[in-house]
Amino acid sequence: MLPENLTAVVARNESWTGEAATEPYEAGWAKEAIVFVRALKEPKGQLPKARIEISADGMHWCREGSEFDLPAAKDAVTFQRISHFGNFLRVAATLADGAEITLLVTFHLKA
Amino acid sequence: MTDIDALRRAIREADPQLSRFDPLPRIICLDDFDRGMCGWTQLVGNYEDTLDAMLPGYAQHSHAMLSTLPNWDFGSHGGVDGSYALKIATRPKKGAQNVAIKRLTFRKPGPIRLEAYFTFKPEATDLQLSETDIRSFGFLYDLQIGDSSGPGDRVMPHLRFLNAQDGQHLQKWQFKRKTTPIKPIGNAGKTITHYHLAPDDWEDLPGGEQRLCYNEIPTKVNWHYLRFDFDLASMQATRFQVNDRVFAMEGFDCIRIPAMKNLWCMLNLAFFAETDTDKRAFAYLDSVCLSGEF
């Protein structure tokens, strides 16, 4: 049987301001992931880098170390490759006052 | 019992994966989440031109996960017979819901049987039993007659185990006959929407009180068996069982709305979770067996 391969939409049409993150996604079965982020509306303000966070339990989070740009224009796409992330995965960002992005975040996971 | 029935039963009872189910003669699917997502996906709401058109009830939904039921205090719980189960997680906001769905069609309007092993638990953010943090666990079918079988309805049998509401531990099965008003989406006249999981209009299933094994700390779970029999010819429920209890279904009915022009022979099945506190609710399915008489 082919190894598991999953596209999971983890944030759809969500507007991020301030401290923001995707919901915890459990994917301990996956050896690798690519996160795609697409801006669904024109972003506002100065955008920060997004960061990958990992967790043992979905409640207590650590910065995994990867950071990547958030898309700077409507329909622009950015991505980050990740491997060896254990069990829970999320994308987080800290947006300054006045900054806002409405996004689609998808995880592409492979066993 | 005919010879073929006896042979079929003997073969199934010798197979450990099937022996814990009582399927009808034809197995439509046997989804053991050790083999992946098995066609269970996110229930996305309808939209046209913009995602902003999606009703908030659907906008909150997210993708189910393949889970080992990991716990901070004792590690992975695992499933009934393997490492993985399907996990449906709500957001951490009182009243939040999430749904996992499988979309099929049927080839004969006759009896079908849904069987599953399920459990539920809130996210273990507190060192408390948390037995009233989950509002409900439930399931539904979304069905419509064939295009040449009409006139008929779109029929949506819903059942939920109302575990708790506003901190009260209620522990009873409920059903639903009403959905929200049907609302057009966009301007093309092709799409409508309604939110059949709205919190209103649930009714108690007569005799549907049941105390399920919950266990003694916020992380331990026990798996429960459920079976729901439905007849696609009469569009009526015929039997409902959870663990050792069989419930009378005379008082049960479904949401019934006019047939829609793009949904002929639809056979969708879905499971859902709702939280009663600002804490994530987790519903887990170890395996789902859908079978039919055809």
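In the block above lies the structure referred to throughout.
Draft legend 1. Structural view of the interface of chain A and chain B. Taken together, the contact pairs 21 residues of chain A with 30 residues of chain B. Between chain A and chain B the total buried area reaches about 2,000 Å² when both faces are included, carbon and sulfur atoms providing 51% of it. In terms of surface lost to chain B, no three residues of chain A exceed Arg12(A), Glu23(A) and Glu26(A), which account for 33% of the buried area on that side. Our count for the chain A to chain B interface comes out at 4 salt bridges. On inspection of chain A and its partner chain B, the count reaches 13 residue pairs in polar contact (both at pLDDT 80 or more). Of the residues belonging to the side of chain A that touches chain B, the class tally is 10 nonpolar, 4 polar and 7 charged.

Draft legend 2. The pairing of strand β10 (residues 153–156) of chain B, seen in detail. Residues and elements named next belong to chain B. Pairing between strand β9 (residues 134–144) and β10: 2 bridges, direction antiparallel. The residue of β10 that forms the bridge with leucine 143 is valine 155. Alignment of β10 against strand β19 (residues 255–258), held across 4 bridges, turns out to be antiparallel. Each bridged residue has a counterpart across the sheet, and for aspartate 153 the counterpart in β19 is proline 258.

Draft legend 3. View of the environment of Gln174(B). Residues and elements named next belong to chain B. Its location among the elements puts glutamine 174 in strand β12 (residues 168–176). Sequence spacing of glutamine 174 and leucine 205 is 31 residues, and the spatial spacing of their C-alpha atoms is 4.9 Å. Here glutamine 174 is in contact with His158, Leu159, Arg160, Leu162, Trp202, Glu203, Asp204 and Leu205, once residues within four sequence places are set aside. Looking at glutamine 174, its side chain comes within polar contact range of the side chain of aspartate 204, at 2.8 Å.

Scoring rules and cut-offs
- Per chain, residue numbering runs from 1 following the sequence as it is written.
- The lettering of chains begins at A and the numbering of ligands begins at 1, in the order of writing.
- Local features in this predicted model are restricted to residues whose pLDDT is 70 or higher, and side-chain atom pairs enter the listing and the counts only when it is 80 or higher, whereas totals over whole chains, interfaces and linings include all residues.
- To get the side-chain values, all heavy atoms of the structure are used, and hydrogens and water are removed first.
- Residue contacts are defined here by distance: any two heavy atoms, one from each residue, within 4.5 Å place the two residues in contact.
- The term buried area means the drop in 1.4 Å probe accessible area that two parts suffer when joined, counted for both and summed.
- Whenever a carboxyl oxygen of Asp or Glu lies within 4 Å of a side-chain nitrogen of Lys or Arg, that contact is scored as a salt bridge.
- Under this definition, polar contacts are N or O atom pairs within 3.5 Å; protein pairs additionally need one hydrogen-donor-capable and one acceptor-capable atom, and for neighbouring residues in sequence, both atoms have to be side-chain atoms.
- Ten residues, namely Ala, Val, Leu, Ile, Met, Phe, Trp, Tyr, Cys and Pro, are considered nonpolar, four, namely Asp, Glu, Lys and Arg, are considered charged, and the remaining ones, Gly among them, are considered polar.
- Between any two strands, pairing holds if DSSP finds at least two bridges.
- Segments assigned H or I by DSSP are reported as helices when at least four residues long, segments assigned E as strands when at least two residues long, and all are numbered from the N terminus.

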